[in-house]
Amino acid sequence: LDALSSDVTSPSGFCAALMNFWGVGHPRLHTGMLLLLLLSQKSLSLRLGFGLRRTLSTEKLEEIQRGRMMPLFAQQKPGQALCEGMQAILEELQAAPSPSRSVEPYEPNRHGFGGGQTPIDEFVP
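Thresholds, definitions, all that
Residues numbered from 1 in each chain as written. Predicted model: local features only at pLDDT ≥ 70, side-chain atom pairs only at ≥ 80, totals over all residues. Heavy atoms only, no water. Helix = DSSP H or I, 4+ residues; strand = E, 2+ residues; numbered from the N terminus. Buried < 20%, exposed > 50% of the residue type's maximum accessible area, 1.4 Å probe, protein only. Contact = heavy atoms within 4.5 Å. Areas by Shrake-Rupley, 256 points an atom, 1.4 Å probe, with all protein chains shown as cover. Pairing = 2+ DSSP bridges. Salt bridge = Lys/Arg side-chain N within 4 Å of Asp/Glu carboxyl O. Core = buried A, V, L, I, M, F, W, Y, C linked by side-chain atoms within 4.5 Å. Axes fitted to C-alpha atoms, helices over the stretch in contact; angles between N-to-C directions. Parallel < 35°, antiparallel > 145°, perpendicular 65-115°, else oblique. Left-handed = near helix turned anticlockwise from the far one by under 90°. Nonpolar A, V, L, I, M, F, W, Y, C, P; charged D, E, K, R; others polar.

*Asks:* Looking at this structure, I do not really get the overall build of the protein. What am I missing?
*Replies:* Each helix and strand in the protein was counted, giving four helices and two strands. Shown N-terminal to C-terminal, the secondary structure of the protein runs as helices and strands in the order α-β-β-α-α-α. Put simply, the protein has 125 residues, and 29% of those count as buried. For the protein, the proportion of contacts with a sequence separation of at least 24, taken over those separated by at least 6, is 56%. Accessible surface for the protein amounts to roughly 8200 Å². Of this, 53% is attributable to carbon and sulfur atoms.

*Asks:* Got a minute to help me understand the pairing of strand β1 (residues 33-38) in this structure?
*Replies:* Where β1 lies against strand β2 (residues 43-48), six bridges are found, and the strand directions are antiparallel. Residue L36 lies in a different strand from β2, and its bridge partner there is S45. Connecting β1 to the antiparallel partner β2 that follows it, the hairpin turn spans four residues, and K42 within it adopts a positive phi of roughly 50°.

*Asks:* I'm lost on unusual backbone geometry in this one. Help?
*Replies:* Most peptide bonds adopt trans geometry, and most residues besides glycine take a negative phi value. The phi dihedral of K42 falls on the positive side, at around 50°, and the residue is not glycine. Note that K42 resides in the loop between β1 and β2.

*Asks:* How should the pattern of salt bridges be read in this particular structure?
*Replies:* Inspection of every chain in the model, using the stated rule, returns four salt bridges. Here R68 ties to E84 by a salt bridge, and the two come within 2.7 Å at their closest N and O atoms. Within this pair, whereas R68 is found in helix α3 (residues 58-74), its partner E84 is found in helix α4 (residues 78-95), the two being separated by 16 residues in sequence. With relative accessibility at 28%, the residue R68 sits in the partly exposed group. Residue classification places E84 among the partly exposed residues on the basis of a relative accessible area of 27%. In this structure, the salt-bridge partner of R68 is E91, at a minimum N-O distance of 3.1 Å. Linking R68 in helix α3 with E91 in helix α4, this pair joins segments that are 23 residues apart in sequence. Residues participating in the shared-partner salt-bridge network are K60, E63 and E92.

*Asks:* For this particular structure, what's the right way to read the nonpolar core?
*Replies:* Nonpolar side chains in soluble globular proteins tend to be buried together. Of all hydrophobic cores here, the largest spans 13 residues; its most connected members are L56, L61 and I89. Those elements that provide at least two residues to this core are β2, α3 and α4. It is α3 that contributes the most residues to this core, five residues altogether. Here L56 is in contact with L48, L61, I89, E92 and L93, once residues within four sequence places are set aside. One finds L4, C15, M19 and L36 within the second-largest nonpolar core, a separate group that totals nine residues.

*Asks:* Explain the packing of α3 against α4 here, please?
*Replies:* Each pair of packed helices can be summarised by the angle the axes make with each other and by the distance between the axes. Interhelical geometry of α3 versus α4 gives an angle of 150° and a closest axis separation of 8 Å. The orientation of α3 with respect to α4, classified from their angle, is roughly antiparallel. Once α3 is placed against α4, the crossing between them reads as right-handed. In contact with K60, L61, I64, R68, M69, L72 and F73 of α3, α4 contributes P78, Q80, A81, L82, E84, G85, Q87, A88, I89, E91 and E92. Grouping the constituent residues of the contact of α3 with α4 by class yields ten nonpolar, three polar and five charged.

Written out as structure tokens, the structure is:
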């Protein structure tokens with residue numbers, strides 16, 4: 001995206017709400033991840049579900065951003081920066097032990113998605 005509306009005060013909060021609205025990740029294991037890049041606001045938000053935080057630490061994500069993404073952003077290559085960041089995250093996930101998978105059915109949220117707990121009412125008209 002280029003930018004969020006001026007009435008959205010927290011890109012990170014918006015990212016969390018969007019992730020939950022779309023139902024990103026496993027609904028019981030909370031393994032979702034959403035990256036939101038706002039080009040004109042020069043903002044990068046990466047939200048992880050609680051289950052995925054067991055595998056990807058804040059320190060590791062900051063290391064990926066600084067070491068593999070920021071140099072490409074500085075060269076005005078946002079697409080390559082995102083691809084490089086996602087590749088680094090994928091490498092970390094592939095090296096980590098796999099979480100157990102639940103096959104229990106789940107109820108979609110009121111919008112029809114898997115959804116999490118962050119409220120979206122302030123972001124949905």
